[in-house]
Structures are given as structure tokens and as C-alpha cells.
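Working through the structure, step by step
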Amino acid sequence: MIEYRNLRVALLGGGSVGAQVAALLLEHGEELANRSGAGLELVGVAVRDLDAERTPAIPAHLLTTDAESLILGADIVVELMGGLEPARSYILQAINSGADVITANKALLATHGPELFEAAEQVGAQLYYEAAVGGAIPIIRPLRDSLAGDRVTRILGIVNGTTNFILDRMDVNGDTLENALAVATELGYAEADPTADIGGYDAAQKAAILASLAFHTTVPLESVHREGITEVTAGQVDAARKAGFVVKLLAICERIAIVDADGAETGEYGVSARVHPALIPAAHPLAAVHGANNAVFVQAEAAGSLMFYGAGAGGLETASAVLGDLVSAARRHVIGGPGIAESTHATIEVLPMSSVRTRYQITLTVVDQPGVLATIASLFSEHGVSVEAVSQSVSDGTTGSLPTATLVIVTHEATESSLASTVAALGSNDAVSAVDSVLRVEGL
Ligand SMILES: NC(=O)C1=CN([C@@H]2O[C@H](COP(=O)(O)OP(=O)(O)OC[C@H]3O[C@@H](n4cnc5c(N)ncnc54)[C@H](O)[C@@H]3O)[C@@H](O)[C@H]2O)C=CC1
Ligand SMILES: N[C@@H](CC=O)C(=O)O
Ligand code: NA
């Protein structure tokens, strides 16, 4: 057996991901050393409760509640506790003591990423975070390295396993959001506070990370438009299926040409990042992403369209990405030299949601009488929204003594602001009994 220099690995957090990382490190130590050129010695696991049950179990002699002492003297610190504090302080402590850091903590990176990257750059350390987006799927390294010579134009992805699992169960099994969330939590997919998942916060954090990486800039979390799945109804999921669509929570990061007041392109670009439920055609590859899987489409000027697909959540699956980062960190230690700084040289304007253009499906209950369709169509055109398709079906209800009908309208691309004013005008028009649903349509 080859004798390698040992690197001391400190693990912070022994939960769904941490316990799996510890087990794989202990089990595959020799193989990892052969791949890295250095031994990866797990010197301890900082936990909150020494007696908590863990799957798989972590040997008791490795457990400690003293994270700060564990970090001292570590060559590599793996942060898998989650949350902003004390994770941020521990990572800064690790960096400032010369350790490389691996984290899966997208909440922390999306909130304090620039501070952490700056601290790492100052001391020549490296911060690795493959597990923070798309779980096991390699997506950070492809954006950071493989596509570093290309120009990314758009990312369209399913980046939250829990919400994809829930929407899938609502669609395929007719499950409720509450039931499906309980199962996702049991399976270790959900965040410690699952509001982060269903409220779209987790996906927004990932969108901020992806947009920053892809466009070589810093996209603050506050500028990511965020809507979760709590307003998605079983009726919408059902209607979508019947109309040949599925509802997915999407993260969309785009490079957008900036236009002047007359709509002419100025030659400048901005970026936008948004997370919201959207309809996608049933034949679209993203529609076939089931369960807690994730998929990220990347479009780049030279490469064209690429798709990254696989397990987006789950302790063991996510541990795979952490182990990959551990091997990278160990190889870097063997070679020596400073870490590679984050590429944020392009300071690009982050555009507001109002300037995003997309297509919409609007479902209305209207009074079923002659001339209504013409009234509705003229409302759309008055607000600069072009209608692509309208379908009408008889509804069971009445407004006063008048029968009602359901109209499903799909628009051509329009700006959010034009759509918002159209919806407001529809809502206050006498012919419209109710605006039942407004969903964006992607991937057509
Ligand atoms: N579970 C998953 O599928 C994925 C999780 N992640 C991220 O990985 C990280 C860990 O996630 P999970 O393992 O699922 O969380 P978890 O809640 O199962 O585990 C976190 C562990 O850290 C411990 N901990 C929290 N604060 C601590 C403190 N101050 N001192 C010592 N220990 C502390 C907790 O007791 C718990 O055992 C999070 O940042 C999460 O967002 C990323 C991708 C997928
Ligand atoms: N809670 C997250 C875990 C992975 O990032 C998810 O459901 O995707
Ligand atoms: Na990943």
C-alpha cells in the first residue's frame, strides 16, 4: 500500500448529508487516497447532540460538540450544518486558519458568498460547493470550468427536489401538498425548515448561485424574483395535464438584451434570475423529471444546449458531490499553490422582473354572451399583449342569471408589466366573473 501524506478533514454537521459523507470517507478511505494522492483522515464530526440517532451511525469517538476546536488544525473543513450562523463564522474561521472549505450550504452562499469568496482569495484558500446546487449533479464545476470559455445565455432548471417531488405526487398520484411534503421530509429531501423548499427560497438561492457563476458576476439573492408552490392548486395541476402541460417550479437565469424606450436593443445586456411555477409542455424533457430529481438546461453561444440531470436531493446522493469536492481539495493540497478565485469580473446590471418577457396562460370565468370574446381580445391588445390561442368551454356556474364559460388564453411573449396591467384590466371588467389562474408558460 502506498504511504500518503494525511490531510485532516473536519466535518461540521452529521445530519442527512453529513452522516453519509462520514460513512463514505471511512469506508472508501484507501480508494479516495489513491485518487487524491493524499490520505483523507476524518478527525471529527461536530454535532449539536452527541446522542442523536444517525443514519448511518457515526463512530462515537469522532463526535464532538466543540466545532471551533475541531476546525483548528484541520486541512479541509466540510460544512454540512446548514443555516447562516454559526456556519458563516465557522467557515471564516476555517479559511483564516488556512483550510480549504467544502459546503453544501446554498442559503449561506447566496447570502454571504462574496464575503466568503473574498476571505478565501485573501489567504489563497479554496471554497468548493458542488453539492449546493443540484445535489449529486455536476453543475457547479461544468459552469465554473468546462464552460468558462463560452458565453452562457440562459439556464432553465428544476433545482429543488422537494417541490418537484411534491408537484409530481400531486400530478401522478393525486396527492395533497401537505402529504407529499411529509414524505419528502421523511426521505431527507426537505430543508430543516421546509418553508425554504415550498416557498421557493431554496430554489432562489440556487438561482442566485447559478446566475452569478454563469454570467461571471454577483447576482444578489434579493434580486431573484421568487414565487413558491403554495398557491399551486390541484385544479391547476389537473387542468395543466388535460391541456398537455405539467406544472414545475423552475429557476430561470437569463442574459437579456437591454432595450431603449422605443424597444430598440442598445447593445448592452443585463441578467435576470427568477423562480416560479410554470407550465411546460408534456413533451419537453423537463416534464419527464420526476420525484426528487433535478435537471438544469444550459444554453451557451458556442456549446448550444446542454442538459444536466440526476438526483437533486437526498443524503447519499448529495454526499457524492461532497466527496468529489474532497478529492479536488486534496489534489490541490498535493499540488500546492493558491486557490482559484471566483470569476465575478463582469459587473452586469440585474434587471427587475418587470422587464422579463415570457408567455402566459390565463384562465378566466366569463359571462357567456355574444361580444365577450371580442371585449377580452381588445383588452389584451390595448395592453400590448398578443394572444396566441384561445379555447372556450362551458362552465357549470352562473353570474347573476347569466351562464358562464371558461376561457383559457395563451399569449405570445409579453413583458411582466404588460401582463400585470392586462390582468388588472380583466379583473375589473364586467364581462369577467373571475381570473381563475395566471401561469407563465416556458419551454414552448
Ligand atoms: N438533504 C439534502 O438533500 C441536501 C442538503 N443540502 C444542504 O446540506 C446541508 C446539510 O443538510 P442536511 O444534512 O439535509 O441537514 P440536516 O438538518 O439533516 O443536518 C444538519 C446537521 O447539522 C447539525 N447542526 C446544525 N447546527 C449545528 C451547530 N451549530 N453545531 C453543530 N451541529 C449543528 C444538526 O444537528 C444536524 O445534525 C444544508 O446546508 C442543506 O441545505 C444540499 C443539497 C441536498
Ligand atoms: N431541500 C433541497 C435539498 C437539496 O438542495 C431540495 O429539496 O432540493
Ligand atoms: Na451539484
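Residues numbered from 1 in each chain as written. Chains lettered and ligands numbered in written order. Predicted model: local features only at pLDDT ≥ 70, side-chain atom pairs only at ≥ 80, totals over all residues. Heavy atoms only, no water.

Inspection of the region around ligand 1 gives 21 residues, with Ser16, Val17, Lys106, Glu191 and Gly314 positioned closest. The backbone of Val17 places a nitrogen or oxygen atom 2.9 Å from an oxygen atom of ligand 1. Between a nitrogen atom of ligand 1 and a main-chain N or O atom of Gly188, the distance comes to 3.1 Å. Of the residues that constitute the shell around ligand 1, the class distribution is nine nonpolar, nine polar and three charged. (Near = heavy atom within 4 Å. Polar contact = N/O pair within 3.5 Å; in protein donor to acceptor, adjacent residues only side chain to side chain. Nonpolar A, V, L, I, M, F, W, Y, C, P; charged D, E, K, R; others polar.)

A separate point is the domain arrangement of the protein chain. Each assigned domain of the protein chain is listed with its residue range as follows: domain 1 (4–135 + 316–335), domain 2 (140–311) and domain 3 (356–441). Taking only C-alpha atoms into account, the centre of domain 1 sits 52 Å from that of domain 3. (Domains from an automatic or database assignment.)

Another point: the coordination of the sodium ion (ligand 3). Coordination of the sodium ion (ligand 3) by the protein comes from Glu130 (O), Glu130 (OE), Val133 (O), Gly135 (O) and Ile137 (O), over a distance range of 2.4 to 2.7 Å. Within one chain, the residues serving as donors to the sodium ion (ligand 3) are arranged as E-x2-V-x1-G-x1-I. One exposure class covers both Gly135 and Ile137, and it is buried. (Donors = N, O, S within 2.8 Å, 3.2 Å for Na, K, Ca; no water. Buried < 20%, exposed > 50% of the residue type's maximum accessible area, 1.4 Å probe, protein only.)

The next thing to look at is the packing of aromatic side chains. Taken as a whole and judged by the stated rule, the model has two aromatic pairs. Arranged with centres 5.6 Å apart and planes meeting at 50 degrees, the rings of Phe117 and Tyr129 form a pair that is tilted. You can see Phe117 sitting in helix H5 (residues 106–123) and its partner Tyr129 sitting in the loop between strand E6 (127–128) and helix H6 (140–146), a full 12 residues away along the chain. When sorted by exposure, Phe117 lands in the same class as Tyr129, which is buried. Ring centres of Phe165 and Tyr189 lie 5.6 Å apart, and the angle between their planes is 65 degrees; this geometry places the pair in the edge-to-face category. Placement of the pair is Phe165 in helix H7 (residues 161–172) and Tyr189 in the loop between helix H8 (177–186) and helix H9 (195–198), with a sequence separation of 24 residues. When sorted by exposure, Phe165 lands in the same class as Tyr189, which is buried. Of note, Arg226 hangs over the ring of Tyr201, and the distance from its end group to the ring centre comes to 3.8 Å. The ring of Tyr269 has Arg255 lying over it, and the distance from NZ or CZ to the ring centre is 4.2 Å. (Phe/Tyr/Trp six-rings, centres within 6.5 Å; stacked < 30°, edge-to-face > 60°. Helix = DSSP H or I, 4+ residues; strand = E, 2+ residues; numbered from the N terminus. Lys NZ or Arg CZ within 6 Å of the ring centre and 35° of its normal.)

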